[in-house]
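# Survey of secondary and tertiary structure
Okay, here's what each chain looks like letter by letter:
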Amino acid sequence: MSLRKNQSIFALNISKLIVYAYESGYEITLGEAYRTKSQQYLYFEGYNIMKLGSDLKLAKTDPKSKTMFSKHLKKLALDINVFKDGRLLDKNDKELFKPLAEYWKSLNPKNTCGYYWGWDYNHFQMSA
Ligand SMILES: [Zn+2]
């Protein structure tokens with residue numbers, strides 16, 4: 001199957017995930033979807049652009065990604081901000097991500113997400 005076709009299936013399934021989240025009492029805001037190779041390299045090597053007064057500066061940080069082969073590079077991943085009762089969920093809310101992770105996996109056998117890795121809980125992707 002072509003990358004473009006997989007991207008379309010991914011986008012449709014993301015829309016289903018968002019509807020499912022709202023029906024289950026969550027609220028969602030959108031985070032990062034497409035990532036350029038340059039941005040991925042900065043994440044992988046652990047650099048971020050910081051504002052220093054009125055200047056921008058490249059600063060060393062902890063790496064934000066463990067790979068140079070992120071599905072974000074292929075438009076097959078999305079980070080979403082998940083809220084429950086008005087509160088942004090984070091890594092301490094693992095069990096609250098579980099219903100979304102299970103629904104996401106049920107939509108397509110190629111779907112997986114950070115819940116199953118034990119980190120990056122707000123990351124949803126499709127392998128292709
Ligand atoms: Zn991600």
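The rules behind each value
Residues numbered from 1 in each chain as written. Predicted model: local features only at pLDDT ≥ 70, side-chain atom pairs only at ≥ 80, totals over all residues. Heavy atoms only, no water. Donors = N, O, S within 2.8 Å, 3.2 Å for Na, K, Ca; no water. Helix = DSSP H or I, 4+ residues; strand = E, 2+ residues; numbered from the N terminus. Buried < 20%, exposed > 50% of the residue type's maximum accessible area, 1.4 Å probe, protein only. Pairing = 2+ DSSP bridges. Phe/Tyr/Trp six-rings, centres within 6.5 Å; stacked < 30°, edge-to-face > 60°. Expected span 1.5 Å × (residues − 1). Bend = angle between axes of the 7 residues up to and from the residue. Lys, Arg positive; Asp, Glu negative; His and termini not counted. Salt bridge = Lys/Arg side-chain N within 4 Å of Asp/Glu carboxyl O. Contact = heavy atoms within 4.5 Å.

Further remarks concern the coordination of the zinc ion. For the zinc ion, every protein donor is listed as His-72 (NE2), Asp-79 (OD) and His-123 (ND1), and the spread of their distances is 2.0 to 2.1 Å. In terms of primary sequence, the donors binding the zinc ion are separated according to H-x6-D-x43-H. Separated by 51 residues along the polypeptide, His-72 in the loop between strand E3 (55-60) and strand E4 (77-84) and His-123 in strand E7 (residues 123-126) bring together distant segments of the chain. Classification of His-72 as buried rests on a relative accessible area of 1%.

Of the two faces of E7, the one lined by His-123 and Gln-125 and the one lined by Phe-124 and Met-126 are each fully buried. Bridge count between E4 and E7: three bridges; the pairing is antiparallel. What sits directly across from Leu-78, in E7, is Phe-124. For strand E6 (residues 111-113) and E7, the ladder comprises three bridges, and the chain directions are antiparallel. In the strand pairing of E7, Asn-111 is matched with Met-126.

To continue, consider unusual backbone geometry. In terms of backbone geometry, most residues other than glycine have negative phi values and most peptide bonds are trans. Residues other than glycine seldom take positive phi values, yet Asp-85 does so here, at roughly 50°. With respect to the helices and strands, the residue Asp-85 is situated in the loop between E4 and strand E5 (87-88). Classification of Asp-85 as exposed rests on a relative accessible area of 76%.

Tallied over the full model, the rule gives six aromatic pairs. Relative to Trp-104, the ring of Phe-10 lies with its centre 5.8 Å away and its plane at 90°, an arrangement referred to as edge-to-face. Residue Phe-10 is located in helix H1 (residues 3-23), and its partner Trp-104 is located in helix H3 (residues 94-107); the two are separated by 94 residues in the primary sequence. A single burial state applies to Phe-10 and to Trp-104, both of which are buried.

It helps to recall that an α-helix has 3.6 residues per turn; residues three or four apart then point in one direction. Taking 1.5 Å per residue as the helical rise, H3 with its 14 residues ought to reach 20 Å, and the 20 Å between its terminal C-alpha atoms agrees with that figure. If you look at H3, its biggest bend is around 25°, right at Leu-100. Along H3, the residues that are buried comprise Phe-97, Leu-100, Ala-101 and Trp-104.

Positionally, Lys-71 belongs in the loop between E3 and E4. Asp-120 is the oppositely charged side chain nearest to the buried, salt-bridge-free Lys-71, at an N-O distance of 13 Å. In contact with Lys-71, other than residues within four places in its own chain, are Leu-76, Ala-77, Gln-125, Met-126, Ser-127 and Ala-128.

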